[in-house]
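Listed below, chain by chain, are the residues.
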Amino acid sequence: MIRIAALAVFMATSVSAFAAEETAVKPNLAKAKTIAETVCVGCHGADGNSPISANPILAGQGSAYLFKQLTQFKSEDGKPAVRNNPIMSGMTAALSIDDMKNLALYFSQQKMKPATSADAKLVEAGKSLWRKGDFERGIPACAGCHGPAGAGVPAQYPRLAGQYAEYTESQLKNFRSEDRSNDPEMMMRSIAEKLSDKQIKAVADYAAGLR
């Protein structure tokens, strides 16, 4: 609990810094809209509502979280990107820091068209994990960081409500295999390694139906 509390303070400080910078420089949402409609549209839709369930819905996601992901897809000074994804690395290569800040804010302000749950049995299993976790396996409740309704608690934790189950499932598996490793203090990796395939699928399907 101390570790989680310390991480929450650190993340809150980072988010506050992002917010301060955001207000110091006037955002260029018109430019962000143009980038979204020409660069991002194929995978995420012009308004951040991805037409493909393998790609995340960005509409309505927190701007600080989106900005973090964009910067970590981008390779700097010849160093490998923090988050390894050849497609996104290519997409962010030509984006400036201001472009990424603008895009993050733009997508955060778009109205989300949420996904839905598909399997009633999975939803029940996912509901238990989301609300209570699994004590025997040392898995904490998802609601502890992402909120009872999946909106993210506090703002530095991503919104999962209404996200495509397929995408959430793939990311949990990526954390489990450590193909994705941009979680502070290995928080998600340490949780995902304890989740079975069935539990991952269940919690992903439950989150898709949260509102």
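The sections below set out a description of the structure shown in this document. This is a predicted model, so every value here is computed, not measured.

How each quantity is defined
- Residues numbered from 1 in each chain as written.
- Predicted model: local features only at pLDDT ≥ 70, side-chain atom pairs only at ≥ 80, totals over all residues.
- Heavy atoms only, no water.
- Helix = DSSP H or I, 4+ residues; strand = E, 2+ residues; numbered from the N terminus.
- Buried < 20%, exposed > 50% of the residue type's maximum accessible area, 1.4 Å probe, protein only.
- Polar contact = N/O pair within 3.5 Å; in protein donor to acceptor, adjacent residues only side chain to side chain.
- Expected span 1.5 Å × (residues − 1).
- Arc of directions from axis to C-beta.
- Contact = heavy atoms within 4.5 Å.
- Salt bridge = Lys/Arg side-chain N within 4 Å of Asp/Glu carboxyl O.
- Axes fitted to C-alpha atoms, helices over the stretch in contact; angles between N-to-C directions.
- Parallel < 35°, antiparallel > 145°, perpendicular 65-115°, else oblique.
- Left-handed = near helix turned anticlockwise from the far one by under 90°.
- Nonpolar A, V, L, I, M, F, W, Y, C, P; charged D, E, K, R; others polar.

**A look at the side chain of Arg189**
If you trace the backbone, Arg189 turns up in helix H9 (residues 187-192). What makes Arg189 buried here is its relative accessible area of 12%. At a separation of 2.7 Å, a polar atom in the side chain of Arg189 contacts the side chain of Asp183.

**What about helix H6 (residues 120-132)?**
Its 13 residues place the ends of H6 18 Å apart at the C-alpha level, agreeing with the 18 Å of an ideal helix rising 1.5 Å per residue. Among the residues of H6, Leu122, Val123, Gly126, Leu129 and Trp130 are the ones counted as buried. One side of H6 holds all its buried residues, which, seen down the axis, span an arc of 125°. The exposed residues of H6 that point more than 90 degrees off its buried face are Ala120, Lys121, Glu124, Arg131 and Lys132. Buried positions along H6 lie against helix H7 (143-146) and helix H10 (197-209).

**Here we look at the pattern of salt bridges**
Tallied over the entire structure, the rule returns seven salt bridges. Notably, a salt bridge pairs Asp197 with Arg176, separated by 2.5 Å at the nearest N-O pair. Taken as a pair, Asp197 in helix H10 and Arg176 in helix H8 (residues 165-177) lie far apart in primary sequence, 21 residues in all. Between Arg189 and Asp183 there is a salt bridge, with its nearest N and O atoms 2.7 Å apart.

**Quick look at the packing of helix H3 (residues 63-73) against helix H5 (residues 97-108)**
How two helices pack is summed up by the angle between their axes together with the distance between the axes. Interhelical geometry of H3 versus H5 gives an angle of 140° and a closest axis separation of 8 Å. Here H3 lies oblique to H5, going by the angle between them. Handedness of the crossing formed by H3 with H5: right-handed. For the pair formed by H3 and H5, the contact residues are Ser63, Leu66, Phe67, Leu70 and Thr71 on the first element and Ile97, Met100, Lys101, Leu103, Ala104, Leu105, Phe107 and Ser108 on the second. Looking at the contact of H3 with H5, its residues break down into nine nonpolar, three polar and one charged.

**Observations concerning the packing of helix H2 (residues 29-44) against H5**
Two elements in contact, H2 and H5, have axes separated by 8 Å at closest approach and are oriented at 85°. By the criterion of interaxial angle, the relationship of H2 to H5 is roughly perpendicular. For the pair H2 and H5, contact is made by Leu29, Lys31, Ala32, Lys33, Ile35, Ala36 and Cys40 and by Asp99, Asn102, Leu103, Leu105, Tyr106 and Phe107, respectively. Here the contact of H2 with H5 is composed, by residue class, of nine nonpolar, one polar and three charged.

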